[in-house]
Each structure stands twice: as C-alpha cells, then as structure tokens.
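Chain by chain, the residues run as shown.
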Amino acid sequence: MKNFNTIILLLLVNLSFAQNKQPKLVVGIVIDQMKMEYLYRFNSDFSENGFKRLMNEGYTFHNMHYNYMPTYTAPGHASIYTGTTPAMHGIVSNEWFHRTLKKEVYCTDDDSVSTLVAGTDKEGKMSPKNLQTTTITDELKLATNFKGKVIGMSIKDRGAILPAGHFADWAFWYTKTGNFISSSFYGKELPSWVTEFNNEKQYETYLTKGWNLLKPIETYNESLIDDNPYEGKLYKKPPVFPYDLKGMYEGNDAGVLRVTPFGNDVLANLAKRAIEKEALGKDDITDFLAVSFSSTDYIGHTFGPRSIETQDTYLRLDLTIADFLNYLDKTVGKGNYLVFMTADHACAENSSHLKDHKYEVDNISYKDVSKDLTAFSNATFGANLLLKYDSYNVHFDKDMIKSKGLDLTKVKQSFKDFLYTKNYVKRVYTEEEILASSSNDQLLSFVYKGYDPTQNGDLYFVYKPGFVEYSATGATHGSPYTYDTNVPCIFFGWNIPKGKSHDKKVITQIAPTLAQKLKITLPNGTDSEVLEEVLD
Ligand code: ZN
Ligand code: ZN
Ligand code: ZN
C-alpha cells in the first residue's frame, strides 16, 4: 500500500511537471516612465492584489537599470525585448536625425505599409522594420514554428510594435480617433473583434465620467499639493482636480484619453478581449501578449513625478493590474502564465523644483542649444557648419566643411571646447572617441551602448545630472543618471520563485532570461547575461 501511494505520488508529480513544461502564456507588462521609487512611495496606498501581489508572490529586482542613453520610450521597449542596446538594435531614439539618410526618421515609420482603419492614414504607416535584431517574441515564433501567437498592444504605436517584433501576429495602437488600429504589415484587415471593440467607444464612457481623485485628497500626502508651480496645464486647463474630460474631448479629440489614467483601463480591457477572442493561453503552445501602459508617461510629462495626478494614476493602475491578474487566474489559470513587469525608462525630477530648493540645475531649451551652436559656428567659421542639432547629437555639414577647406577634426574640437563652456554640459564625445571606447568612463559606456555611427551625430554630449532638455513644468527623461535608469522589474507566476534582489542588474538581461526560462533561442543581438535568480 505504501509503495502504491508512492507510485501515485510520483505519477502526479510527473504529470504536473509535464503539464507545466512551458507556460501557456507569457505576459510582458511595460509601464511607461515608471520609477522604481513609486513602488515604495505609494506602497501603503496600494491594494493587496496589484503591485503588492506581484512583489509578494513573485521575484522583485530592486536595483534594475538601463545601461545606455538616451533613455526614451522606443529604445527602452526595443532593449527590453531584444536584450541589447540601441548600438546593436538600431532604435537610437523615438525620432532622430538619421546621419546616412540625412533626414528625420520616426522609430516605427514605414512608408511601404498602410493603415487598416480609415481616417488614420499617417498613424497606420508603421512597422518594426527599423528594428535590426530579433526580439524574445520573434524567438518564440521561431521556436513554435509560428504556432505560438504573439500580440503587442499599447496606447503608443512604438509601445505596441517594437515588443511584438518582426514575426508578430498583431500589434494594435490607439489613435486620436478613439480607435485602436494596426497596419497592413500584420494583415489585410483588422480582426473583427478589434472592430467590435472600437465600435463600443469605451473612451467616451470613461471621458464622460471625468477624472476625480480615487481617494480623499488628504491621503495623497506622499506628493506635492494639487496646484503647484511644477505642473503643466492639461489642454490649457489649470492642473487641479476634478478634470472635466468631457469638455476637453469635445473641444479636441479622443486623444485626450491618453493623458488620463483611463487610457490604461481601456488598454487592459483590450488585453482581456484579446485573450478571450484569440484564445491566448488556451492550448499548450506558448503565446505571448506584450502590453505597454503609456498613460503614465503622458501624465508624468505633464504633471511631474511629485504630483497627485501621477500618484492617483498609479493607485488606479494598481487596481487595473489587480483585475488583470485576477482575469489571468480565471482564464489561463494560476501557475500557467508567466508575467514580467518593468518600465521603458524612469523620469527626472522637475528641475525648477530642485532649483527652488537650492540645487543649481536648470531646464534647457532644445531650441536655445540649437541657436547657440549655430551662432558659434557663424562667428567662428563664417558659416553654419551645423547640419542638425538633435537632442545630444550634433551633426555637421561635411560638404560645407570640405568646400571651405576646413579640417573636420579641428571643427569638432572647437565645437567641443565651446560646449564645455556651457554650465549644463558634463561630457562631449566625438564619434572617434565613442567608437574607440574601452575606458572606465561610465558615461562614455552609456553613450557607446546607445550610439550607431550610421545614424547618430558627429558629436554627442551629455547633460550634467539634474539638467533636463525640457520645459519648466512637468518632467522628462533621457539621461544616463539613476533617476532615469532605475525601473521596476518583477517576475511572477509560472515557475518563478518568491524573492527579491538588491544586486545591480541591467535591462538587457530580461530577454535572455526569458529565452533560457522558455528554453528557446536567444534573441540574436543580446550579450546574454541572465537573471539567474528566476531560472530553475
Ligand atoms: Zn516611455
Ligand atoms: Zn495638480
Ligand atoms: Zn516620455
């Protein structure tokens, strides 16, 4: 009898092992502009079933960082999913002046494809064609002979397209028409369930309700007061609750939804609908759903990290995530799905706020930098040698330099000297210095990992800590400093141990870790350092 029980037990263990050989569904959650610090500062106001559940039942990396600059949305999403940095995957910014093409390019622009929803012609000419390496989602498609489904979705086009990779079944993104759209890169027509979802016009329901605080205002004591000088305006209205979203919508368009917490809710509703209608996580072939919540970024840019608008957004997102996890438990089943949650970058403090407290930093205008460089060029060389100034990147007009008989090396040196006279400049590097980089200069290594000589500038400079190239209100990101690089990273669910780590980790470790966890090929550009803590 005892032996019989042992055999049954062994059979059960084997059976459950066989069932759990692979997760049925992987869900990647990226929260646009989320700072690690929010998980601490708002912790006592969170529910038990959202962020806290992820942290308590999953594995949290507290010291996860970006390892390149610029820390922007498109490079962030690309780096999470490819396991490498812009120098390798080629997505060097959201939008940049491309050195070889000599024109501005947008990260996911693709003139060869077209929209699937009438009235969104420009917004639909998108694909992942500028992404030069494979993603973890691409490797899953290859590993399953294209049977595992991969779907990406976000309010932002780039937040949907880049994570879903080259082989995606679908990517869906929101437009100011209120519709989620896709492009002919993915299919001939929008799936009927997406059209039905669009026809429900959920954005109207949310915008009609307006935006008031979730909890009594006196409980938002982790943030600055509602009306503070560091907040920008929302559609020209003062930054004060309650917000009349209906009025803003009527005076503008459905794009208003993006700058409200409800952009996250509508996206979560679309994610649940995708799981249901595309039968994600139903069979034993692993599917992958990449969801990127971007309203957090729009709100962060407008109101800053110390506003109650930002706090309220995270309290609401916490409930949205709780509901989403609950939905996954019910449909895919606890232990059958694997979730990872991270952010595409974090966010700086508002520089005026810091300055008012006697830290001598400032917000710098992009236009002023450009004007300064042009004036310097005209005064020194009697001509404008600048082809373009494009955040951090100085591009020279090489034909002009040649025609004037000037020496490019000397021109670079004189611009470099000029930039070092500016109180906001920390470092200036030439292309040659970046590509020869093998030093211990921490900032140079961040630049090197973000630099593509076929696309970036001839000079590249780094602002001092605390300085931002932005308006005086709100906040931004892009720097190599910890306020922009430290993001949450939590693994949860299928075969993930409970735990936490305070060791320093880098963002490019996520994709190779997923590849080894799923026992599939590594994305082709990754340097494949893994997070051993969550591997068996
Ligand atoms: Zn972002
Ligand atoms: Zn406010
Ligand atoms: Zn942003």
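J.: Hey, could you run me through the side chain of Asp484 in this one?
T.: Tracing the backbone shows Asp484 in helix H20 (residues 482-485). Look at Asp484: it is buried, it has no salt bridge, and the nearest opposite charge is Lys35 at 5.9 Å. A polar side-chain atom of Asp484 sits 2.7 Å from a polar atom in the side chain of Ser479. Setting aside chain neighbours within four positions, we find Asp484 in contact with Thr71, His345, Ala346, Cys347, Ala348, Thr476, His477, Gly478 and Ser479.

J.: Honestly, the coordination of the zinc ion (ligand 3) in this entry has me stumped. Any pointers?
T.: For a metal with four tetrahedral donors the ideal donor-metal-donor angle is 109.5 degrees, while six octahedral donors give ideal angles of 90 or 180 degrees. Summarising the metal site, the zinc ion (ligand 3) is bound by the protein donors Asp297 (OD), Asp297 (OD), His301 (NE2) and His477 (NE2), whose distances to it range over 2.1 to 2.6 Å. The coordination sphere of the zinc ion (ligand 3) comprises four donor atoms, whose angles at the metal cover 55 to 158°; the geometry is irregular. Between consecutive donor residues of the zinc ion (ligand 3), the sequence gaps follow D-x3-H-x175-H. Between the zinc ion (ligand 3) and the zinc ion (ligand 1) the interatomic distance comes to 4.1 Å. Taken together, the residues Asp297 and His301, both in helix H12 (residues 295-303) and four residues apart, mark about one turn of the helix. Assigned by exposure class, Asp297 and His301 land together as buried.

J.: What am I meant to see in the coordination of the zinc ion (ligand 1) here?
T.: On the protein side, the zinc ion (ligand 1) has Asp32 (OD), Thr73 (OG1), Asp344 (OD) and His345 (NE2) as donor atoms, found 1.9 to 2.1 Å from it. Around the zinc ion (ligand 1) sit four donor atoms; with metal-centred angles ranging over 97 to 129°, the donor geometry is tetrahedral. Counting the intervening residues between successive donors of the zinc ion (ligand 1) yields the motif D-x40-T-x270-D-H. A relative accessible area of 0% means that Asp32 is categorised as buried.

J.: What is the right way to look at the confidence of the model for the protein chain in this model?
T.: Close inspection of predicted coordinates is inappropriate for parts of the model with low pLDDT. Averaged over the protein chain, the pLDDT score is 95; the fraction of residues at 70 or greater is 96%. Low pLDDT, under 50, characterises residues 10-19; the predicted model gives this stretch zero contacts beyond four residues in sequence or across chains.

J.: What should I look at first to understand helix H17 (residues 408-420) in this one?
T.: Think of an α-helix as turning once every 3.6 residues; residues three or four places apart then point the same way. Helix length check: H17 (13 residues) gives 18 Å between terminal C-alpha atoms against 18 Å at 1.5 Å per residue, within 8%. Burial in H17 covers these residues: Val411, Lys412, Ser414, Phe415, Lys416, Phe418 and Leu419.

J.: Would you mind going over the packing of aromatic side chains with me for this structure?
T.: One pair of aromatic rings is described through two measures. These are the centre distance and the angle between the planes. Applying the stated criterion to the full structure yields 40 aromatic pairs. Between the aromatic rings of Trp211 and Phe241, the centroid separation amounts to 5.1 Å while the plane-to-plane angle is 90°, which identifies the pairing as edge-to-face. With Trp211 in the loop between helix H9 (202-209) and helix H10 (245-251) and Phe241 in the loop between H9 and H10, the pair connects residues that are 30 residues apart, well separated along the chain. The pair Trp211 / Phe241 is uniform in exposure class, with both members buried. Aromatic ring contacts, followed pair by pair, group Tyr72, Tyr366, Tyr389, Tyr392, Tyr424, Tyr451, Tyr460, Phe461 and Tyr463 into a single cluster. The ring of Tyr298 has Lys156 lying over it, and the distance from NZ or CZ to the ring centre is 5.3 Å.

Conventions and cut-offs
Going along each chain's sequence as written, the residues are numbered from 1 onward. Labels follow written order: the first chain is A, the first ligand is 1, and so on. It should be noted that, the model being predicted, local features are given only for residues of pLDDT at least 70 and side-chain atom pairs only at 80 or more, the latter also being counted only at that level, while totals for whole chains, interfaces and linings use all residues. As a rule here, side-chain values come from all non-hydrogen atoms in the structure, and water together with hydrogens is ignored. The secondary structure listing takes helices from DSSP runs of H or I that are at least 4 residues long and strands from runs of E that are at least 2 residues long, numbered from the N terminus. Whether a residue is buried, partly exposed or exposed follows from its accessible area with a 1.4 Å probe, protein chains only, as a fraction of its type maximum: under 20%, in between, or over 50%, in that order. Under the convention used here, Asp and Glu are negative, Lys and Arg are positive, and both His and the chain ends fall outside the count. Within this document, salt bridges are pairs made up of a side-chain nitrogen of Lys or Arg and a carboxyl oxygen of Asp or Glu, the two lying within 4 Å of each other. Under the rule applied, a polar contact is a pair of N or O atoms within 3.5 Å (in protein, one hydrogen donor and one hydrogen acceptor; residues adjacent in sequence only if both atoms are side-chain atoms). Residue contacts follow a heavy-atom distance rule, with two residues in contact if any of their heavy atoms lie within 4.5 Å. With water omitted from the atoms examined, metal sites may look incomplete; donors here are N, O and S atoms no farther than 2.8 Å from the metal, or 3.2 Å in the case of Na, K and Ca. Square planar and octahedral assignments, for four and six donors respectively, both demand that opposite donors be over 155 degrees apart and that all other angles lie between 65 and 115; tetrahedral needs four donors with all angles between 85 and 135 degrees, and anything else is irregular. Confidence scores per residue from the predictor, reported as pLDDT, run from 0 to 100. Between the first and last residue of a helix there are one fewer steps than residues, each counted as 1.5 Å, and that sum is the expected span. For this analysis, a ring pair means two rings from Phe, Tyr or Trp (six-membered ring only for Trp) whose centres lie within 6.5 Å, classed as stacked if their planes differ by under 30 degrees, edge-to-face if by over 60, and tilted for the remaining angles. The criterion for a charge sitting over a ring is simple: Lys NZ or Arg CZ within 6 Å of the ring centre, and within 35 degrees of the ring normal.

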